[in-house]
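Report on the structure
Below, each chain spelled out in residue letters.
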Amino acid sequence: MHHSTSGPANFTVSWAQRMLEPMRTQLYINGQWIDGIGKLPVYDPSDGSVIAEVSIAGDKQCDDAIDAADAAAKEWAKSAPRFRSEILRKAFELMTAENEAIATIISRENGKALPDARGEATYAAEFFRWFAEEAVRTPGDFRKSPSGDKRILVTHEPIGLSILITPWNFPAAMATRKIGPAVAAGCTMILKPAGETPLTAMYIVDLMERAGLPKGVLNLILPEKSGPAISKMLHDPRVKNLSFTGSTEVGRVLIKEAADRVIRCSMELGGNAQVVIHDDADLAVTIPQLSLAKMRNGGAACTSANRIFVQRGIAKEFIAQMSKTMSSFVMGRGTDATTTLGAYVSIKERNKIADLVDQAIAAGAKVEVGGVKPEGVGAFYPATVLVVEKDNPILLHEIFGPVAPIVIFDTDEEGIKLANNTEFGLISYVFSSDLTRALRTAEAMESGMVAINKGIISDPAAPFGGVKQSGLGREGGFDGIHEFLQTKYIGVEI
Ligand code: NAD
């Protein structure tokens with residue numbers, strides 16, 4: 001593969017040209033690309049064809065990855081922050097120069113439309129830039145105790161060998177959001193990407209190697225069966241930390257596994273984002289912003305606007321305009337120039353969306369747009385708008401697709417109550433032209449993040465994460481590096 005440092009010429013490299021070069025498809029352990037115990041096909045979800053076959057790890061490769069990450073841990077923890085910072089800066093530059101190649105791989109294996117994939121590749125690179133800047137700014141403290149009998153020194157040390165597990169919906173950004181702070185903090189890592197989208201992760205690991213990351217610091221495995229393999233790792237005394245992004249269902253299992261050795265957990269789990277649109281919202285802002293919040297990644301985002309509550313005064317006009325916007329999406333293969341709504345990662349995932357819509361309709365939902373599963377090949381589902389009652393079962397689920405269920409409410413109090421009626425608490429969206437009213441609603445939202453009059457607020461410089469069953473910990477911002485650091489207090493007699 002492309003070991004040269006790519007320049008701007010890479011912006012024009014097409015997928016076809018790229019395919020002529022061998023892609024990384026192997027496991028990466030102790031600085032070596034190796035085969036495991038078999039092969040796993042990676043599919044193009046827009047037509048079901050096989051893009052590549054990747055190596056699968058057996059017990060030995062998983063053990064070897066722990067050996068390598070453990071062997072590298074001490075020296076890496078002692079390395080100069082500036083050294084680690086410069087590796088991340090180099091990785092940012094490589095990722096920026098290779099944006100189009102990365103976007104194409106994302107689009108091919110995940111199915112998302114190329115503009116979404118380009119956006120993800122850019123966002124993913126920004127985590128390297130942010131954590132390059134954070135690596136040299138770890139805070140500490142030195143002060144007099146209130147009783148005056150000692151000095152209080154507080155320092156932060158790398159927590160050590162970390163397992164990083166990522167989902168298929170953002171195969172690049174969810175990896176860099178963990179690799180970035182782990183490198184900045186001085187932790188060694190074992191990355192386990194989703195089986196549906198390993199090629200992007202392999203590309204990023206190759207890029208980290210080219211950026212100068214020492215061997216053993218970052219290892220990549222793809223176990224045949226994730227459950228038992230990760231469980232075994234979490235019971236190995238050399239493993240110190242687990243950073244997981246994925247469903248709440250799997251997160252719960254992993255928290256229980258981690259409990260046996262009281263391993264630190266960072267959990268970025270599912271969402272069921274609420275939207276509260278007040279009757280004074282400016283629809284010229286609300287419609288395009290909400291459309292971004294709903295349709296980024298074809299709705300396969302933990303931040304996707306999942307339950308839309310609109311106040312009665314503007315409901316009719318809002319539903320008409322939202323339906324018009326949603327019906328303008330063009331479904332197709334992610335890499336086609338006209339596509340604005342790509343395929344889902346698999347037929348299985350697409351069918352889950354179709355089943356949720358069918359159940360919603362059976363429970364009385366009124367279909368404004370879409371709502372019919374397409375015939376033929378490819379894991380496609382159309383942009384859909386449903387008007388539902390407040391007890392429709394679709395409101396209880398993370399839809400993870402291009403489906404917008406709308407509920408009409410009357411008073412602000414009622415809207416807030418309905419919005420918070422979920423076990424999830426990742427992000428909320430509030431639309432109003434009155435800042436005081438918007439802030440009042442924002443403060444009442446039970447979620448880790450709130451967007452006001454804006455459809456996308458994810459930013460490497462901001463703390464991303466949820467409350468309730470959406471997770472534990474924060475990624476990005478000033479908090480992100482602390483998921484990979486542990487605090488040490490030293491008291492000194494003076
Ligand atoms: P998932 O939970 O099915 O899988 C996530 C990862 O965990 C994959 O790599 C998978 O192979 C692995 N895995 C599955 N079972 C495991 C086990 N028993 N032990 C160890 N690893 C296991 O999630 P998904 O379908 O890939 O992704 C979609 C979910 O991720 C959605 O719920 C979405 O909201 C969530 N998500 C959350 C965030 C966030 O930041 N909060 C971001 C992106 C996605």
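Counting restarts for each chain: residues are numbered from 1 in the order of the written sequence. In keeping with the model being predicted, local features are shown solely for residues with a pLDDT of at least 70 and side-chain atom pairs are shown and tallied solely at 80 or more, while totals for entire chains, interfaces and linings include all residues. To obtain the side-chain values, all non-hydrogen atoms of the structure were included, while hydrogens and water were left out.

1. Remarks on the sheet that holds strand β22 (residues 485–493)
Strand pairing in a sheet is mediated by backbone hydrogen bonds. Such pairs are either parallel or antiparallel. Pairing between strands is defined by DSSP: at least two bridges between them are needed. Helix and strand definitions here come from DSSP, where helices need a minimum of 4 consecutive H or I residues and strands a minimum of 2 consecutive E residues; each element is numbered from the N-terminal end. Taken in spatial order, the 3 strands line up as β5-β6-β22 in an open sheet, and their pairing is antiparallel. On the outer flanks of this sheet lie β5 (141–144) and β22, each paired with one strand and no other. Between one strand axis and the next, the sheet turns through 20 degrees on average, direction left out of account. Where β5 lies against strand β6 (residues 150–158), 4 bridges are found, and the strand directions are antiparallel. When the sheet's bridge partners are listed, Phe142 is paired in β6 with Leu153. Interaxial angles span 0 to 180 degrees and are taken between N-to-C directions of axes, which are lines fitted to C-alpha atoms, for helices over the stretch in contact.

2. Details of the environment of Asp279
Mapping Asp279 onto the fold places it in the loop between β12 (273–277) and α10 (283–295). As for Asp279 and Val310, which are separated by 31 residues in sequence, their C-alpha atoms are 7.5 Å apart.

3. Some words on the side chain of Asn169
Within the element layout of this structure, Asn169 appears in the loop between β7 (162–165) and α6 (173–185). The contact partners of Asn169, leaving out residues within four places of it in the chain, are Asn110, Lys112, Glu120, Asn297, Ala300, Ala301, Cys302 and Phe400. Residue contacts follow a heavy-atom distance rule, with two residues in contact if any of their heavy atoms lie within 4.5 Å.

4. A closer look at the packing of helix α4 (residues 99–110) against helix α7 (residues 198–210)
Where α4 meets α7, the axes come as close as 8 Å, and the angle between the chain directions of the two elements is 155 degrees. Considering the angle they form, α4 stands roughly antiparallel to α7. Counted together, Ala101, Ile102, Ile105, Ile106 and Glu109 of α4 and Pro198, Leu199, Thr200, Tyr203 and Leu207 of α7 form the full contact between these two elements. Along the lines of polarity and charge, the residues of the contact of α4 with α7 split into 8 nonpolar, 1 polar and 1 charged. The labels follow the angle: roughly parallel below 35 degrees, roughly antiparallel above 145, roughly perpendicular from 65 to 115, and oblique for the rest. Asp, Glu, Lys and Arg are counted as charged, while Ala, Val, Leu, Ile, Met, Phe, Trp, Tyr, Cys and Pro are counted as nonpolar; the rest, among them Gly, fall into the polar class.

5. Considering the sheet that holds strand β13 (residues 305–311)
Overall, mixed pairing links the 7 strands, which are arranged β14-β15-β16-β13-β12-β18-β19 in an open sheet. Every other strand in the sheet has two partners, leaving β14 (366–369) and β19 (449–452) as the edge strands with one partner each. The average angle at which neighbouring strand axes cross in this sheet is 25 degrees, direction not considered. Relative to β13, β12 runs parallel, the two being bridged by 5 bridges. Residue pairing in the sheet places Ile277 in a bridge with Val310 of β13.

6. What to know about the environment of Val205
Inspection of the secondary structure assignment puts Val205 in helix α7. For Val205, the contacting residues outside a window of four places in its chain are Tyr28, Trp33, Leu191, Leu218 and Leu220.

7. Overview of helix α2 (residues 59–78)
With 20 residues, α2 extends 30 Å between its outermost C-alpha atoms, agreeing within 8% with the 28 Å of an ideal straight helix rising 1.5 Å per residue. Maximum bend of α2: about 40 degrees, positioned at Ala72. Expected span of a helix, by definition, is 1.5 Å for each gap between consecutive residues, and there is one gap fewer than residues. The bend reported for a residue corresponds to the angle between axes fitted to the seven residues ending at that residue and the seven starting there.

8. Some remarks on the pairing of strand β16 (residues 403–409)
The buried fraction of β16 amounts to 6 of the 7 residues, a majority that puts the element mostly inside the structure. Sheet analysis places β13 next to β16, joined by 4 bridges and oriented parallel. Of the residues in β16, the one forming a bridge with Val310 is Ile408. In this sheet, β16 lies alongside strand β15 (residues 384–387) in parallel orientation, the contact comprising 4 bridges. Residue Val385 lies in a different strand from β16, and its bridge partner there is Ala404. Relative accessible area decides the class of each residue, using a 1.4 Å probe on protein chains only: under 20% of the type maximum gives buried, over 50% gives exposed, and in between gives partly exposed.

9. Quick notes on the domain arrangement of the protein chain
An automatic or database domain assignment is the source of the domain bounds shown. According to the domain assignment, the protein chain contains domain 1 (9–269 + 470–492) and domain 2 (274–459). On a C-alpha basis, the centroid separation for the pair domain 1 and domain 2 is 30 Å. Across the contact, 26 residues belong to domain 1 and 31 residues belong to domain 2. In this description, buried area is defined as the sum, over both parts, of the accessible area (probe of 1.4 Å) that is lost when the two are combined. Across the domain 1/domain 2 interface, buried area totals approximately 2,200 Å², and carbon plus sulfur atoms make up 55% of it. Considering only the side of domain 1, the residues that lose the most area to domain 2 are Ser46, Trp168 and Ser470, jointly responsible for 25% of the buried surface there. For this document, the term salt bridge refers to a Lys or Arg side-chain nitrogen within 4 Å of an Asp or Glu carboxyl oxygen. Where domain 1 touches domain 2, the interface holds 3 salt bridges. In protein, a polar contact requires one atom able to donate a hydrogen and another able to accept it; more generally it is a pair of N or O atoms within 3.5 Å, and residues adjacent in sequence count only if both atoms are side-chain atoms. Applying the counting rule to domain 1 against domain 2 returns 12 residue pairs in polar contact (both at pLDDT 80 or more). At the level of secondary structure, the elements contributing two or more residues to the side of domain 1 that touches domain 2 comprise α4, α5 (114–134) and α9 (248–259). The leading source of residues in the side of domain 1 that touches domain 2 is α4, at 5 residues.

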